[in-house]
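In case you want the letters, here they are:
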Amino acid sequence: MIAKQLLDTGILQFGLFVENGITYPYRLRLEMISAYPQLLQNVVYRGVQSLAGVKPFDRLVSHSDAIPLASSLSLQTGISLVYSRGRGEIPVHDLVGAYDVGHPACLVVNTLTPEIEAFLSDAKRVGLDIHTILEFVSIGRMIDGIDHRAIYTMKELIHELRQLNLITEELANNING
């Protein structure tokens, strides 16, 4: 089970974590997945399945935090990858890869965060037509007008861990709200 692997590797952690002044009962360190090749392979397999039936695209676009996942998806699918350096530069300097105007694309992110909307706007400014978002772990955010796919939802991960008695019912309820 991938949820157990995420917990065992420390990629998914429980406790009290403060980010931007907000306290969360868990933390996802999804950028660490490349340190666990078998886990990454399992996630990529499920990611490819999650994209079944989406409108065709010829570019994967990766937010800087999801480069390991997006690179692996690119290798598995043979779809060209454009990635962000994450340096806050203007899009033409920040986005690395072969692209020009009119490429339909799928954005790969670890988790959809508020700054992703600005990233989408930047990608559009250089001609990338992102019509699908693939999230590693979804916490329920959506962006209007874009097809949204998740490899896992946080609720699915919590359910799997609860079924295995790896977390308490109280913790599960606290996270699922």
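Residues numbered from 1 in each chain as written. Predicted model: local features only at pLDDT ≥ 70, side-chain atom pairs only at ≥ 80, totals over all residues. Heavy atoms only, no water.

Draft legend 1. Layout of the sheet that holds strand β7 (residues 128-138). Taken in spatial order, the 6 strands of this open sheet run β5-β4-β3-β6-β7-β8, and their pairing is mixed. Edge strands, defined here as strands with exactly one partner in the open sheet, are β5 (95-96) and β8 (147-153). Inspection of the sheet shows strand β3 (residues 59-62) paired to strand β4 (residues 80-84) by 4 bridges, in the parallel sense. Directly across from Leu-60, in β4, lies its bridge partner Leu-81. (Pairing = 2+ DSSP bridges. Helix = DSSP H or I, 4+ residues; strand = E, 2+ residues; numbered from the N terminus.)

Draft legend 2. Spotlight on the pairing of β7. Buried residues dominate β7, accounting for 10 of its 11 residues. Across 7 bridges, strand β6 (residues 103-109) lies against β7 in parallel orientation. Residue pairing in the sheet places Val-108 in a bridge with Leu-134 of β7. Each parallel crossover has a hand, and the one from β6 via helix α5 (residues 116-125) to β7 is right-handed. Sheet topology places β7 next to β8; 6 bridges connect them, and they run parallel. The residue of β8 that forms the bridge with Thr-132 is Asp-147. (Buried < 20%, exposed > 50% of the residue type's maximum accessible area, 1.4 Å probe, protein only. Right-handed = clockwise from strand over helix to strand, strands pointing away.)

Draft legend 3. Broad picture of helix α3 (residues 67-77). Among the residues making up α3, those that are buried are Leu-69, Ala-70, Ser-72, Leu-73 and Ser-74. Where α3 is buried, its residues contact α2 (37-50), β3, β4, β6, β7 and β8. Backbone geometry just downstream of α3 places Gly-78 in the positive-phi region, at approximately 75°. (Contact = heavy atoms within 4.5 Å.)

Draft legend 4. Main features of α2. The end-to-end C-alpha separation of α2 is 20 Å, in line with the 20 Å expected for 14 residues at 1.5 Å each. Three or more residues of α2 are buried, namely Leu-39, Leu-40, Val-43, Val-44, Gly-47 and Ser-50. Buried positions in α2, seen along its axis, are confined to an arc of 135° and lie on one side of it. Counted as exposed and oriented over 90 degrees from the buried face of α2: Pro-37 and Tyr-45. For α2, the secondary structure elements touched by its buried residues are α1 (2-9), α3, β7 and β8. (Expected span 1.5 Å × (residues − 1). Arc of directions from axis to C-beta.)

Draft legend 5. Representation of a nonpolar patch on the surface within the structure. Together, Met-1, Leu-164 and Leu-166 make up a nonpolar patch on the protein surface, roughly 270 Å² of accessible area in all. On the secondary structure map, Leu-166 appears in the loop between α6 (154-163) and α7 (169-176). Residue Leu-166 is classed as partly exposed on the basis of its relative accessible area, which comes to 35%. (Patch = residues over 30% accessible without salt bridge, like charges linked within 9 Å, V, L, I, M, F, W, Y side chains within 5 Å. Areas by Shrake-Rupley, 256 points an atom, 1.4 Å probe, with all protein chains shown as cover. Salt bridge = Lys/Arg side-chain N within 4 Å of Asp/Glu carboxyl O.)

Draft legend 6. Representation of the pattern of salt bridges. In total, this model carries 5 salt bridges according to the counting rule given. Note that Asp-122 and Arg-125 form a salt bridge whose closest N and O atoms lie 3.2 Å from each other. Separated by 3 residues within a single helix, Asp-122 and Arg-125 lie in helix α5, roughly one turn from each other. When its relative accessible area of 25% is taken as the criterion, Asp-122 is described as partly exposed. Across the pair Arg-149 and Asp-147 runs a salt bridge whose closest N-O atoms are separated by 3.3 Å. Accessibility expressed as a relative area gives 28% for Asp-147, which makes it partly exposed.

Draft legend 7. Structural context of the nonpolar core. By size, the foremost hydrophobic cluster in this structure holds 37 residues, and its most contacted members are Leu-6, Val-43, Leu-60, Leu-69, Phe-136 and Met-154. When neighbours within four sequence positions are excluded, Met-154 is seen to be in contact with Leu-12, Tyr-26, Leu-28, Val-137, Ser-138, Ile-139 and Ile-175. One finds Ile-116, Leu-120, Ile-130 and Ile-146 within the second-largest nonpolar core, a separate group that totals 18 residues. (Core = buried A, V, L, I, M, F, W, Y, C linked by side-chain atoms within 4.5 Å.)

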